[in-house]
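A closer look at the structure
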Amino acid sequence: VSFPTPYCNQPSTTRYTFAGRPVFLRPRLEYFENPQYRWSVDGKIVEDANERVYKFTPDNAGEYLVTLTVTEEQNGMSAESSVKVVCVQSSEFASFRSATSGSSAYSNKVYEYLPAPGQFINETNTGGF
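Right, let's walk through the structure included here. Going along each chain's sequence as written, the residues are numbered from 1 onward. Residue-level local features of this predicted model are given only where pLDDT is at least 70; pairs of side-chain atoms are given and counted only at 80 or more, and the full residue set underlies all totals for whole chains, interfaces and linings. For side-chain calculations, the full set of non-hydrogen atoms in the structure is used, while hydrogens and water are omitted.

Remarks on the overall build of the protein
This is how the line gets drawn: A run of DSSP states H or I qualifies as a helix once it reaches four residues; a run of E qualifies as a strand once it reaches two. Both are numbered from the N-terminal end. Accessibility here uses a 1.4 Å probe with only protein chains present; expressed as a share of the type maximum, an area under 20% marks a residue as buried, one over 50% as exposed, and anything in between as partly exposed.
The helix and strand inventory of the protein stands at zero helices and seven strands. Taking all 129 residues of the protein together, 23% fall into the buried category.

What follows is the structure, encoded as structure tokens:
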């Protein structure tokens, strides 16, 4: 049982989210035919979480350790894996610039424009390239 990295270039399995936004956790399983799942957050068992995919929605900023225990009663196998979920304090839209910071989504002035060669239809290249 393991949690794969979310992106191919990310070195760790840590997941990041904002308060109130869910993170869907899905483990990679090997050698289980009829697995049974038990999820816990910071050591506290989540009662209604007994599916393979767990939708974790943190309410407050902080770091959470989400643990999955997979058991199979037929052969007595049991495995456990954990993943860290970091909930950041800032809001989801805090990284966008505000209108008071000097930039605006309603800009209407163009100070300089230089088209790329061949950008317009029927343009002939007379620059000797």
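Here we look at the nonpolar core
This is how it is decided: The definition of a nonpolar core used throughout is a set of buried Ala, Val, Leu, Ile, Met, Phe, Trp, Tyr and Cys residues joined through side-chain atoms within 4.5 Å.
Counting residues in each nonpolar core, the largest one holds 18 residues, and the members touching the most others are Leu 25, Trp 39, Tyr 54, Phe 56, Val 66 and Val 85. Taken together, the elements giving at least two residues each to this core come down to strand E2 (23-25), strand E3 (36-41), strand E5 (54-56), strand E6 (62-72) and strand E7 (77-88). Here this core takes four residues from E6, the largest share from any one element.

Re the environment of Asp 59
Defined as follows: The contact criterion used throughout is that any non-hydrogen atoms of two residues lie within 4.5 Å.
Topologically, Asp 59 is positioned in the loop between E5 and E6. Among all residues touching Asp 59, those that are not within four sequence positions of it are Ala 19 and Tyr 64.

A short note on the side chain of Thr 67
How we decide: N or O atoms within 3.5 Å of each other form a polar contact, as long as, within protein, one can give a hydrogen and the other can take it, and as long as residues adjacent in sequence are counted only when both atoms are side-chain atoms.
In this fold, Thr 67 is placed in strand E6. Judged by its relative accessible area of 10%, Thr 67 falls in the buried class. Engagement of the side chain of Thr 67 in a polar contact is seen with the side chain of Ser 82, the distance being 2.9 Å. In contact with Thr 67, not counting residues within four places along its chain, are Arg 38, Trp 39, Ser 40, Glu 80, Ser 81 and Ser 82.

Thoughts on the packing of aromatic side chains
Note the following rule: We call Phe, Tyr and Trp rings a pair once their centres come within 6.5 Å, taking the six-membered ring for Trp, and we label the pair stacked below 30 degrees between planes, edge-to-face above 60, and tilted otherwise.
If you walk through the whole model with that rule in mind, you get four aromatic pairs. Centre to centre, the rings of Phe 3 and Trp 39 are 6.1 Å apart; their planes meet at 55°, and the pair counts as tilted. In this pair, Phe 3 is assigned in the segment before strand E1 (15-18) and Trp 39 in strand E3, connecting sequence segments 36 residues apart. Here the two residues Phe 3 and Trp 39 agree in accessibility, since each one is buried. Taken together, Phe 3, Trp 39, Tyr 54, Phe 56 and Tyr 64 form an aromatic cluster joined through their ring pairs.

Here we look at the sheet that holds E7
Heads up, the condition is: Here, a strand pair is defined by DSSP locating no fewer than two bridges between the strands.
Across the sheet, five strands lie side by side as E1-E7-E6-E3-E4; this open sheet has mixed pairing. Whereas interior strands pair on both sides, the edge strands pair on one side only; in this sheet they are E1 and strand E4 (44-45).

What to know about the environment of Glu 63
In this fold, Glu 63 is placed in strand E6. In this structure Glu 63 comes out as exposed when scored by relative accessible area, which is 55%. Separated by 25 residues in sequence, Glu 63 and Val 88 have C-alpha atoms that sit 8.6 Å apart. Filtering out sequence-adjacent residues up to four positions away, Glu 63 remains in contact with Asp 42, Lys 84, Val 85 and Val 86.

Focus on unusual backbone geometry
Residues other than glycine predominantly adopt negative phi, and peptide bonds predominantly adopt the trans conformation. One non-glycine residue with positive phi stands out, namely Tyr 31, at about 70°. Within the secondary structure, Tyr 31 sits in the loop between E2 and E3. The class for Tyr 31 is exposed, based on a relative accessible area of 71%. Backbone geometry at Asp 42 places phi at a positive 50°, although glycine is not the residue there. Take Asp 42: it is sitting in the loop between E3 and E4. Owing to a relative accessible area of 44%, Asp 42 belongs among the partly exposed residues under this scheme.

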